[in-house]
Amino acid sequence: MTSKDIILQRVKDEDVRFIRLQFTDMLGRMRNMAIVVDKLEDALENRCVFDGSAIDGFANIEESDLFLHPDLSTFTIFPWRPHTGKVARLICDVCMPDGTPLEYNPRMVLEKVIKEAADMGYSLKINPKMEFFLFNTDEHGRPTTETGDCGSYFDIAPIDNGENIRRDICLTLEEMGYSIEASYHEMAKGQHEIVFKAGDALVTADRIITAKMVIKTIAKRNGMHATFMPKPFADQWGSGMHLNMWIESNGKNAFRYDPENKMFAPLTYRFIAGLLYYTREIACITNPTVNSYKRFIPGADAPCHISWSENNRSLLIRAVKMRSPETARVEYRSPDGTANPYLAIAAILKAGLAGIKDESILLPPSIGMNASVLSDGEREALGIQRMPVSLHEALNLAQSSELVSELLGDTLFEHYMKKKREEYDSYRRAISEWELDRYLVQY
């Protein structure tokens with residue numbers, strides 16, 4: 001049987017009545033077209049069309065008809081739906097009427113960089129760690145900033161009142177075919193983390209976007225609100241999306257650690273060099289919101305400076321030896337859950353590949369301490385730059401970046417920068433409680 005036949009048979013056997021054809025817009029929000037099961041064969045033949053002009057960054061009104069091409073490997077049935085009349089989903093690529101892939105579809109951007117890596121003989125594997133907050137809702141179901149939770153790192157119930165929801169989330173994801181390595185309470189009150197088993201770059205991006213939907217859905221069914229907002233509390237730790245990565249070549253880990261020489265494979269250092277060099281330029285993609293930059297504060301367990309180490313967890317990048325030489329990897333700690341995972345992973349892989357290809361990109365020395373405790377002069381001597389302090393700064397850095405321009409292409413680059421500058425301008429015009437508290441009476 002073909003993959004199409006298997007899907008059609010499973011839909012029949014399990015009484016699936018609705019199919020969600022899902023895709024992701026420029027900003028990382030999941031969109032979908034729901035079709036009845038009678039239209040599934042049309043969908044599997046790439047005949048489902050939608051108006052792309054209504055989706056951020058997708059098309060002009062003159063070229064609004066776009067087609068959804070399902071990736072058959074992403075078929076899954078939602079476990080939380082009724083046992084009769086079930087709902088399934090397929091993640092789709094977005095294409096032009098002639099079948100040409102839409103070059104500024106975020107999933108296609110990642111697929112393009114994956115091909116670039118494959119042409120060099122490499123594939124990226126990623127083990128993501130997703131942090132999020134659980135908040136109570138009010139009598140109208142609207143989110144509050146109350147957690148009802150006093151837990152901290154690795155606490156258990158009853159101090160950790162999100163334990164049961166995390167369990168339901170993990171069981172649901174596993175029922176959908178995802179493997180979970182761990183879940184636990186994080187440092188801040190109401191903060192939680194789920195660690196996924198490693199997978200290919202595209203599979204991981206699909207998992208992240210799906211997991212965000214599942215986490216929010218299960219939280220809502222339990223009367224809670226889940227958010228990936230990086231910094232909801234000024235005095236608490238923020239939420240990131242740490243990515244543990246390695247490059248495979250000929251089916252083997254090219255970041256292998258040599259315990260005899262106490263060195264990683266040379267490719268590891270080249271990849272790290274590229275990431276360090278381009279981190280500031282890709283920050284508006286890996287950290288795309290105004291709130292993202294509230295997380296980069298000294299003492300808040302987030303990287304404020306661009307540095308690396310083989311043993312220091314406080315830095316932006318850590319080369320990790322793991323249990324055996326074959327499981328060595330690189331941890332990248334700046335991204336957060338507001339990022340479009342397709343664009344973020346594409347930018348990270350693009351930066352790493354640039355480091356591999358361009359030997360003029362030098363790797364700065366590894367440091368064994370928190371870079372925030374060093375003086376400005378000491379950081380300058382070590383070649384340590386700081387992370388951007390605002391979305392405005394990050395956008396200006398990306399605006400002149402050849403890597404970001406090449407990554408996104410002219411159309412998506414223009415749309416993305418325009419949308420994000422509008423977002424920052426809206427923030428700049430807003431008057432905060434901090435300003436009112438500080439200036440209203442004082443002046």
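Okay, so let's go over this structure. The numbering scheme is per chain: residues are counted from 1 as the chain's sequence reads. At least 70 in pLDDT is required for a residue's local features to be given in this predicted model, at least 80 for side-chain atom pairs to be given and counted, and no such filter applies to totals for whole chains, interfaces and linings, which use all residues. Computation of side-chain values covers all heavy atoms of the structure but excludes hydrogens and water.

In this text, helices come from DSSP runs of H or I with a minimum length of four residues, and strands from runs of E with a minimum of two, each type numbered from the N-terminal end. Looking only at helices and strands, one finds 11 helices and 20 strands in the chain. Overall, the C-alpha framework of the chain stretches about 65 × 55 × 50 Å when taken along its three principal axes. Burial status follows relative accessibility: with a 1.4 Å probe on protein chains alone, a residue under 20% of its type maximum counts as buried, one over 50% as exposed, and anything between as partly exposed. Evaluated residue by residue, the chain yields a buried proportion of 54% over its 443 residues. Working rule for contacts: check all heavy atoms of both residues, and any pair within 4.5 Å makes them a contact. Nonlocal contacts in the chain, meaning residues at least 24 apart in sequence, comprise 69% of its contacts between residues at least 6 apart. Values of accessible area rely on a 1.4 Å probe in the Shrake-Rupley scheme; residue burial ignores everything except the protein chains shown. Of the roughly 20,500 Å² of accessible surface on the chain, 50% is carried by carbon and sulfur atoms. Taking the average location of the 52 positive side-chain charges in the chain and that of its 63 negative ones, the two points are 2 Å from each other. Lys and Arg are tallied as positive, Asp and Glu as negative. Neither His nor the chain termini are counted. The atom standing in for a charge is NZ when the residue is Lys, CZ when it is Arg, CG when it is Asp and CD when it is Glu.

So, about the packing of aromatic side chains. Working definition: a ring pair exists when centres of Phe, Tyr or Trp rings (six-membered ring for Trp) sit within 6.5 Å. Plane angles under 30 degrees give stacked, over 60 give edge-to-face, the rest tilted. Going through the model one piece at a time under the given rule, you end up with 15 aromatic pairs. Taking 4.8 Å as the distance between ring centres and 15° as the angle between the ring planes, the aromatic pair formed by Phe78 and Trp80 counts as stacked. When sorted by exposure, Phe78 lands in the same class as Trp80, which is buried. Seen in terms of ring centroids, Tyr293 and Phe296 are 5.9 Å apart; in terms of plane orientation they differ by 75°. Their pairing is edge-to-face. Ring pairs connect the aromatic residues Tyr257, Phe264, Tyr269 and Trp308, which therefore count as one cluster. Only when the NZ atom of a Lys or the CZ atom of an Arg is both within 6 Å of the ring centre and within 35 degrees of the ring normal do we say a charge sits over the ring. Stacked on the ring of Phe233, the Lys or Arg Lys189 has its end atom at 5.2 Å from the ring centre. Here Lys212 stacks its cationic end above the ring of Phe228, 5.6 Å away from the centre of that ring.

By definition, a salt bridge exists where a carboxyl oxygen of Asp or Glu is found within 4 Å of a side-chain nitrogen of Lys or Arg. Per the stated rule, a full pass over the model turns up 30 salt bridges. A salt bridge links Glu45 to Lys4, with the shortest nitrogen-to-oxygen separation between them at 3.0 Å. A residue pair is termed long-range when its members are at least 10 positions apart, and Glu45 in the loop between α2 (40-44) and β3 (48-51) and Lys4 in helix α1 (residues 3-13) qualify at 41 residues. Taken together, the shared-partner salt bridges in this structure form one network comprising Asp71, Asp93, Arg107, Glu111 and Asp206.

Further remarks concern the packing of helix α6 (residues 266-286) against helix α9 (residues 391-399). The interhelical angle for the contact between α6 and α9, taken along N-to-C directions, is 120°, at an axis separation of 8 Å. Of the possible angle classes, the one that applies to α6 and α9 is oblique. In this structure, α6 crosses over α9, and the sense of that crossing is left-handed. In contact with Arg280, Glu281, Ala283 and Cys284 of α6, α9 contributes Leu391, Glu393, Ala394, Leu395, Leu397 and Ala398. Convention adopted: a line fitted to C-alpha atoms gives each axis, helices being fitted over their contacting stretch, and angles between N-to-C directions are expressed from 0 to 180 degrees. The scheme is simple: roughly parallel for angles under 35 degrees, roughly antiparallel for over 145, roughly perpendicular for 65 to 115, oblique for anything else. The hand of a helix crossing depends on one turn: near helix anticlockwise from the far one by less than a right angle means left-handed, and clockwise means right-handed.

This part takes up helix α10 (residues 402-429). Expected span of a helix, by definition, is 1.5 Å for each gap between consecutive residues, and there is one gap fewer than residues. With 28 residues, α10 should reach 40 Å at 1.5 Å per residue; the first-to-last C-alpha distance of 30 Å falls well below that figure. Where α10 bends most, the angle comes to about 110°, and this point is Gly409. Among the residues of α10, those classed as buried are Leu403, Val404, Leu407, Leu408, Leu412, Phe413, Tyr416, Met417, Lys420 and Tyr424. Buried residues belonging to α10 abut α3 (106-119), α6, α7 (341-357) and α9. The N-cap residue of α10 is Ser401: its side-chain oxygen and the backbone nitrogen of Leu403 are 3.3 Å apart. In this analysis the local bend is the angle between axes fitted, respectively, to the seven residues ending at and the seven residues starting at the residue. Counted as a polar contact is a pair of N or O atoms within 3.5 Å, where, for protein atoms, one must be capable of donating a hydrogen and the other of accepting one, and residues adjacent in sequence contribute only when both atoms are in side chains.

In this section: the side chain of Ser401. Tracing the backbone through its elements, the reader meets Ser401 in the loop between α9 and α10. Overall, Ser401 belongs to the buried group, its relative accessible area being 3%. Polar contacts involving the side chain of Ser401 include one to the main-chain amide nitrogen of Leu403, which spans 3.3 Å.

Bringing α3 into the picture now. With 14 residues, α3 extends 20 Å between its outermost C-alpha atoms, agreeing within 8% with the 20 Å of an ideal straight helix rising 1.5 Å per residue. Among all positions in α3, only Pro106, Arg107, Met108, Val109, Leu110, Glu111, Val113, Glu116 and Ala117 are buried. Against β1 (16-24), β6 (86-95), α5 (201-221), α7 and α10 lie the buried residues of α3. One or two residues past the end of α3 sits Gly121, with phi positive at roughly 90°.

Attention now goes to the packing of α5 against α7. It is at 9 Å that the axes of α5 and α7 come closest, and there the two elements cross at 145°. In this structure, the crossing between α5 and α7 has a hand that is right-handed. Of the residues in α7, those in contact with Ala201, Leu202, Thr204, Ala205, Asp206, Ile208 and Ile209 of α5 are Pro341, Tyr342 and Ile345.

As for its position among the elements, Tyr277 is in helix α6. As for Tyr277 and Leu363, which are separated by 86 residues in sequence, their C-alpha atoms are 8.5 Å apart.

In this structure, Glu248 sits in strand β12 (residues 241-249). Distance from Glu248 to Ile215, taken between C-alpha atoms, is 30 Å for residues 33 residues apart in sequence. In contact with Glu248, other than residues within four places in its own chain, are Gly121, Tyr122, Ser123, Lys125, Asn253 and Ala254. Here Trp246 takes part through its side chain, which lies 3.4 Å from a polar atom of the side chain of Glu248.

Moving on to the pairing of strand β4 (residues 65-70). Among the six residues that make up β4, five are buried, leaving the element largely enclosed by the rest of the structure. In this sheet, β4 lies alongside β3 in antiparallel orientation, the contact comprising four bridges. Its bridge partner lying in β4, Asp51 is registered against Asp65. Note: β4 against β6, four bridges, orientation antiparallel. A pair of strands is labelled paired if DSSP reports no fewer than 2 bridges between them.

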